[in-house]
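Below, each chain spelled out in residue letters.
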Amino acid sequence: MFDRDVELFLYYQDTHQPSAVVEAGVATAPSDSLMRNPVVMISLYPEFPEEVMSSMATQGEFVFVMDRSGSMSGMMRGKEAQNRIESAKDTLLLLLKSLPMGCYFNIYGFGSRFKSFFPKSVEYNQDKMDQALKEVKEMRADMGGTEILQPLKHIYSQPCIPEHPRQLFIFTDGAVGNTKEVLDLVKSHAHSHRCFSFGIGEGASTALITGLAREGSGHAQFITGSERMQPKVMESLRFALQPIVSNISVDWTLPEGVTAETVAPPIDVLFQGQRTLIYAQLKGNSLGGSEGSVTVKYNLNSQPVTNQLHFCIKPTEETGLVVHRLAARTMIRSLEQKERSSAESESLRSSIVELSVQAGVSSVHTAFIGINKDTKQTVKGPLQQRRVPTYERTSDYHYFYPPQAERREKRCYRLAPPERREKLCYRSAPPDDRMREHCNFASRRERREKLCYRSAPPADWLSFDCVDDEVETQGSEDCVAEKSVCNRLPLRKAAPELQQDLLLPLVSLQKASGCWELDAALAAVLGKTEDELTNQKPAQVDGSVWATLLALIWLYSWRKEQQVEWQFVAQKAAAWITSEKVGDLSQCVCVGNVLLGCQVTKDSLGI
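It should be emphasised that the depicted structure is a prediction, and the values quoted were computed from it without experimental measurement.

1. So, the overall build of the protein
Now for step 1: What the protein contains, in helices and strands, is 20 helices and 14 strands.
Now for step 2: Relative to its full complement of 607 residues, the protein shows a buried share of 46%.
Now for step 3: A separation threshold of at least 6 residues defines the contact pool for the protein, and within that pool the share at least 24 residues apart is 70%.

2. Considering the nonpolar core
Now for step 1: If you look at the biggest cluster of nonpolar residues, it comprises 82 residues, and the most contacted ones within it are F62, L96, L99, F169, F171 and L237.
Now for step 2: Look past the residues within four positions of L96 in its chain and what remains in contact with it is F105, I107, Y124, M129, A132, L133 and V136.
Now for step 3: In terms of nonpolar packing, the next biggest core, distinct from the first, is built from 23 residues, F48, V245, A280 and I313 among them.

3. Observations regarding the sheet that holds strand β10 (residues 245-253)
Now for step 1: Within the open sheet, the 3 strands sit side by side as β10-β13-β14. Their pairing is antiparallel. Across the chains shown, the open sheet's two edge strands, defined by having one partner strand only, are β10 and β14 (303-312). Between one strand axis and the next, the sheet turns through 15° on average, direction left out of account.
Now for step 2: Pairing of β10 with strand β13 (residues 291-300) involves 7 bridges; the strand directions are antiparallel. Across the sheet, residue V245 finds its bridge partner in β13, namely L300.

4. Some words on the sheet that holds strand β1 (residues 19-23)
Now for step 1: In spatial order, the strands read β1-β2-β12-β11; together these 4 strands make up an open sheet with antiparallel pairing. The two strands at the open ends of the sheet, each matched to only one other strand, are β1 and β11 (259-263). The mean inter-strand angle of the sheet, taken between neighbouring strand axes irrespective of direction, is 25°.
Now for step 2: Sheet topology places strand β2 (residues 39-44) next to strand β12 (residues 276-283); 6 bridges connect them, and they run antiparallel. Residue pairing across strands places V39 opposite Q281, the latter belonging to β12.
Now for step 3: Against the sheet, helix α8 (residues 322-341) contacts β1, β2, β11 and β12, and its axis sits at roughly 75° relative to β2.

5. What to know about the environment of Q599
Now for step 1: Assignment of secondary structure puts Q599 in the segment after α20 (586-596).
Now for step 2: The spatial distance from the C-alpha of Q599 to the C-alpha of W554 is 10.0 Å, given a sequence separation of 45 residues.
Now for step 3: What Q599 contacts, discounting residues up to four positions off in sequence, is S557 and N593.

6. Details of unusual backbone geometry
Now for step 1: Positive phi values are uncommon outside glycine, yet S217 reaches one of about 55°.
Now for step 2: As for its position among the elements, S217 is in the loop between α6 (206-215) and β9 (220-223).
Now for step 3: Positive phi, normally seen in glycine, also occurs at L321, with a value near 60°.
Now for step 4: Within the secondary structure layout, L321 lies in the loop between β14 and α8.

7. Observations concerning the packing of aromatic side chains
Given two aromatic rings, their pairing is described by the distance between the two centres and the angle made by the two planes.
Now for step 1: A complete count under the given rule lists 11 aromatic pairs for this structure.
Now for step 2: Here the aromatic rings of Y556 and W566 are separated by 4.9 Å at their centres, their planes lie at 80°, and the arrangement is edge-to-face. Within this pair, whereas Y556 is found in helix α18 (residues 543-558), its partner W566 is found in helix α19 (residues 563-579), the two being separated by 10 residues in sequence. In this pair, the class of Y556 matches that of W566, namely buried.

8. Section: the packing of helix α2 (residues 84-98) against helix α7 (residues 229-240)
Now for step 1: Direction vectors running N to C along α2 and α7 enclose 35°, while the axes themselves pass 10 Å from each other. α2 and α7 meet at a crossing whose hand is right-handed. The residues of α7 that touch α2, namely those facing R84, S87, A88, D90, T91, L94, L95 and S98, are M229, Q230, V233, M234 and L237.
Now for step 2: Classifying every residue of the contact of α2 with α7 by side-chain character gives 7 nonpolar, 4 polar and 2 charged.

9. Side note on the environment of L355
Now for step 1: Positionally, L355 belongs in helix α9 (residues 345-359).
Now for step 2: Sequence separation between L355 and M35 is 320 residues, and the spatial gap between their C-alpha atoms is 8.7 Å.
Now for step 3: Once you skip the residues sitting within four places of it in the chain, L355 turns out to touch L34, A328, M331 and I332.

10. Here we look at the pattern of salt bridges
Now for step 1: In total, this model carries 13 salt bridges according to the counting rule given.
Now for step 2: Its salt-bridge partner being D142, residue R68 comes within 3.1 Å of it at the nearest N-O pair. With R68 in the loop between β3 (61-67) and α2 and D142 in the loop between α3 (126-137) and α4 (149-157), this pair connects stretches of sequence that are 74 residues apart.
Now for step 3: Look at R68 and you get buried, because its relative accessible area is 6%.
Now for step 4: Among the ionic pairs, D184 bridges to K180, the shortest N-O distance being 3.0 Å. Here D184 and its partner K180 are both found in helix α5 (residues 179-188), 4 residues apart, which amounts to about one turn of the helix.

11. What about the packing of α2 against α19?
Now for step 1: Where α2 meets α19, the closest approach of the two axes is 8 Å, and the angle between their N-to-C directions is 30°. In terms of orientation, α2 lies roughly parallel with respect to α19. Our pair here, α2 against α19, has a crossing hand that is left-handed. Where α2 approaches α19, its residues L94, K97 and S98 are matched on the opposing element by E565, F568, V569 and K572.
Now for step 2: The class makeup of the residues in the contact of α2 with α19 is 3 nonpolar, 1 polar and 3 charged.

12. Focus on α5
Now for step 1: Listing the buried residues of α5 in full gives T179, V182, L183, L185 and V186. Viewed along the axis of α5, the buried residues span an arc of 155°, placing them on a single side of the element.
Now for step 2: Packing partners of the buried residues in α5 comprise α4, β8 (193-200) and α6.

13. Considering the environment of I313
Now for step 1: With respect to the helices, strands and loops of the structure, I313 is situated in the loop between β14 and α8.
Now for step 2: Look at I313 and you get buried, because its relative accessible area is 0%.

14. A few points about α6
For an α-helix, the turn length of 3.6 residues means that residues three or four places apart are oriented alike.
Now for step 1: Residues L208, I209, G211, L212, A213 and E215 constitute the buried set of α6.
Now for step 2: The secondary structure elements touched by the buried residues of α6 are β7 (166-172), α5, β8 and β9.
Now for step 3: S217 sits one or two residues past α6 and shows a positive phi near 55°.

15. Side note on the confidence of the model for the protein
Close inspection of predicted coordinates is inappropriate for parts of the model with low pLDDT.
Now for step 1: In the predicted model, the protein carries a mean pLDDT of 81, and the fraction of residues at 70 or more is 79%.
Now for step 2: Contacts from residues 391-416, a stretch scored under 50 in pLDDT, to residues over four places away or in other chains number 74 contacts.
Now for step 3: The model gives residues 420-499 a pLDDT under 50, and that stretch makes 160 contacts with residues more than four places away or in other chains.

So, how was this worked out
- Residues numbered from 1 in each chain as written.
- Predicted model: local features only at pLDDT ≥ 70, side-chain atom pairs only at ≥ 80, totals over all residues.
- Heavy atoms only, no water.
- Helix = DSSP H or I, 4+ residues; strand = E, 2+ residues; numbered from the N terminus.
- Buried < 20%, exposed > 50% of the residue type's maximum accessible area, 1.4 Å probe, protein only.
- Contact = heavy atoms within 4.5 Å.
- Core = buried A, V, L, I, M, F, W, Y, C linked by side-chain atoms within 4.5 Å.
- Pairing = 2+ DSSP bridges.
- Axes fitted to C-alpha atoms, helices over the stretch in contact; angles between N-to-C directions.
- Phe/Tyr/Trp six-rings, centres within 6.5 Å; stacked < 30°, edge-to-face > 60°.
- Left-handed = near helix turned anticlockwise from the far one by under 90°.
- Nonpolar A, V, L, I, M, F, W, Y, C, P; charged D, E, K, R; others polar.
- Salt bridge = Lys/Arg side-chain N within 4 Å of Asp/Glu carboxyl O.
- Parallel < 35°, antiparallel > 145°, perpendicular 65-115°, else oblique.
- Arc of directions from axis to C-beta.
- pLDDT = per-residue confidence, 0-100.

Okay, structure coming up:
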């Protein structure tokens, strides 16, 4: 039986090789317009040398600037959602645990006023991390309005730390009244830092968030709808840990009589793991089967890098103008940014509207309208709202089921005999609960009750009652009529600990060095007792190495789908184990697999 939709995985061949697509224009479009001439799209997906990446492993000054205005007390979207400040606190925990030893860090909170955890950035170690985590727990959305200019001025007034590039992370859910002044300040210090910005919720200012990243040569992220904050923030941390790319240039070599006019401003940021697109309008009369080339040069950690791509400049026909519209969208966004800060807003607006109409790409000044194909008249009338029923996700594994299926499932684990009910509950439990409960040495009855409670639909958490004796059922092969069929489970409210995601509790136990300690807290997260972990410890390793190895096995087994969130936590752990020089750990991994009910290999753990 399938427990999820069919998933199709596509893998690129030669992923990091540049590629080019040349698309023909529209012969009827105005002369010299973007839609008239061919457009070339260059795709860059750089891969930096491993030796350069590893050289940056312990470098950096990380400054986290968190919005603590009153609006941060609002709720995130989705079922079981946290309020924004609580989600931000969880994110800061993950960030602090992911920082490399030897770097520097500080945390600012701002609203109508601001304050920092430390007078200046401090070196990352166990004591400073513990102190910061204690402060994070006390954070509240209690600092008034949203005024970010003063904390930024204070940060920029601090001298940069040699050999530790400054990385600024800014989180906000609102807007400011002096966006231009803020962006000008960031731009004036662009040479000394990178800025990564995060807009939380639908009320975050797009101009502010994208502008901060653009002027600070960083990356912007928006957390909207039911999206979680942690994956997007950790993606930006991955970018921040990469070496700075500078002096980027793009040079075209084309046949005589052909020129390339780049659409939108030149690129000034490159990250490994992020695709960068360059659009150029080709002009000239000799666009036959000739070949052209583009050369991208940049400095990576002060070392020159050159990428050259040869491509045929003969345009591809019948493509639906996809490349042209993508280029138009890029050009429109660039013009919109100029319009916000330019005195020539009227001429820019005219250019935006003209290009938007020609390309069929919406802008801040245009919109799509309905046209009756028969009468060629605009469709007019009041808007009508239609409600489309959906089954929303309530957590990582539980869903609201259609009523019929829900009733059938309830009857199955209420009416089946004990030995059959355990199988039903085991089958319907989430995969991680199945293994965790299967490996738990609790009594048979305790395991069955806990699984039944976890796998029940949310509505049954408050009404898991008993049915009458001598019940007969029909219509389901899994339902078995039996006298006194249920185990007299008591009425009880949903226990929060049964629904809690165990990733953050596990991460919170990690030391700054990357190791875990073998104690009762770790055992509880792993679903074991401290004695069970201690008694199974191989003789050749000490308690900390054994605990760290078990934590890695658990992460790679039960939270593989969230790897983007704990990748740096795991890297620190693997590096710490390697530094302990404990020899071959293959047997230890096998013992850990048996203990936790997992099947991971030593190589997959990075040790």
